[in-house]
Amino acid sequence: MSELRPPWYLKPMNRFVKAIQKLGIPAGPSQILTVPGRKSGKLRSTPMTPFTHNGRLYTVAGYPGADWAANARAAGAGTLTRGRRSRRVKIVELNAADAAPVLRSFAVEVPVGVGFAKRSGLVREGTPDEFEALAGELAVFRFDPQD
């Protein structure tokens, strides 16, 4: 797969979503994941769309090599926020075999993510088969409650 870059509108859109969430207004299904940066240690916040698969909460990186995914991987824990509600979570990255069924589910459960993947050229049709084939290329994380 050729190196994909985030679309030009992603940073302005993420700033907008973070701003309205900071006001306590939930932005559709999105939540904000906050983790320390892997180099600076400074808190980094990124909008994402977690979804439930087999009773557990997951998220998928929108493209290979996403900075937020590297930060989440290094941190191993963070905070998920939606509106004014926050919760601490443990962040567990899945291996390719465990990610495959989650990616199939993502294709059905997260239409906004499918649209993003189609516009960025990651997939053509957005089918479960196409997403399953990305196992091992896209980072897939499970969020577990942290006590």
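Please refer to the structure higher up on the page.
Residues numbered from 1 in each chain as written. Predicted model: local features only at pLDDT ≥ 70, side-chain atom pairs only at ≥ 80, totals over all residues. Heavy atoms only, no water.

### Let's talk about the overall build of the chain
For the chain, the count of helices and strands is five helices and seven strands. Listing every helix and strand of the chain by position from the N terminus yields α-β-β-β-β-α-β-β-α-α-α-β. Here the chain, with 147 residues, has 48% of them falling under the buried criterion. Counting contacts in the chain only where the partners sit at least 6 residues apart, residues at least 24 apart contribute 63% of the total. With an accessible surface of roughly 8,400 Å², the chain has 52% of that area assigned to carbon and sulfur atoms. (Helix = DSSP H or I, 4+ residues; strand = E, 2+ residues; numbered from the N terminus. Buried < 20%, exposed > 50% of the residue type's maximum accessible area, 1.4 Å probe, protein only. Contact = heavy atoms within 4.5 Å. Areas by Shrake-Rupley, 256 points an atom, 1.4 Å probe, with all protein chains shown as cover.)

### A look at the packing of helix 3 (residues 96-109) against helix 4 (residues 111-119)
With their axes 6 Å apart at the nearest point, helix 3 and helix 4 run at an angle of 100° to one another. In terms of orientation, helix 3 and helix 4 fall into the roughly perpendicular class. Contacts between helix 3 and helix 4 involve F106, A107, V108 and E109 on the former and, on the latter, P111, G113 and V114. For the contact of helix 3 with helix 4, a count of residues per class yields five nonpolar, one polar and one charged. (Axes fitted to C-alpha atoms, helices over the stretch in contact; angles between N-to-C directions. Parallel < 35°, antiparallel > 145°, perpendicular 65-115°, else oblique. Nonpolar A, V, L, I, M, F, W, Y, C, P; charged D, E, K, R; others polar.)

### Quick notes on helix 2 (residues 67-75)
Owing to its 3.6 residues per turn, the α-helix aligns residues three or four sequence positions apart on the same side. Among all positions of helix 2, only W68, A69, A70, N71 and A72 are buried. Contact partners of the buried residues in helix 2: strand 1 (31-36), strand 2 (43-48), strand 4 (56-60), strand 6 (85-93) and strand 7 (140-145). Phi for G76, located one or two positions after helix 2, is positive at around 75°.

### Looking at the packing of aromatic side chains
Each aromatic ring pair is summarised here by two numbers: the centre-to-centre distance and the angle between the ring planes. Under the defined criterion, the tally for this structure stands at four aromatic pairs. Put simply, the rings of F51, Y58, F106 and F131 pair up and form one aromatic cluster. (Phe/Tyr/Trp six-rings, centres within 6.5 Å; stacked < 30°, edge-to-face > 60°.)

### Description of the sheet that holds strand 1
Strand order in the open sheet formed by seven strands is 2-1-5-6-7-4-3, and the pairing between neighbours is antiparallel. Each edge of the open sheet is held by one strand with a lone partner, namely strand 2 and strand 3 (51-53). Between one strand axis and the next, the sheet turns through 40° on average, direction left out of account. Relative to strand 7, strand 6 runs antiparallel, the two being bridged by five bridges. Along strand 7, the bridge assignment pairs K90 with D144. Against the sheet, helix 2 contacts strand 1, strand 2, strand 4, strand 5 (77-82), strand 6 and strand 7, and its axis sits at roughly 60° relative to strand 1. Sitting on the sheet, helix 3 touches strand 3, strand 4 and strand 7, and the angle it makes with strand 3 is about 130°. (Pairing = 2+ DSSP bridges.)

### Focus: the nonpolar core
In this structure, F51, V60, L103, F131 and V140 are the most contacted members of the largest nonpolar core, which totals 18 residues. Looking at which element gives the most residues to this core, the answer is helix 3, with five residues. Sequence-distant contacts of V140, defined by excluding residues within four places in its chain, comprise Y58, T59, V60, V92, E93, L94, A99, V102 and L103. Among the nonpolar cores identified, the runner-up in size contains 17 residues, and A61, Y63, V89 and A139 belong to it. (Core = buried A, V, L, I, M, F, W, Y, C linked by side-chain atoms within 4.5 Å.)

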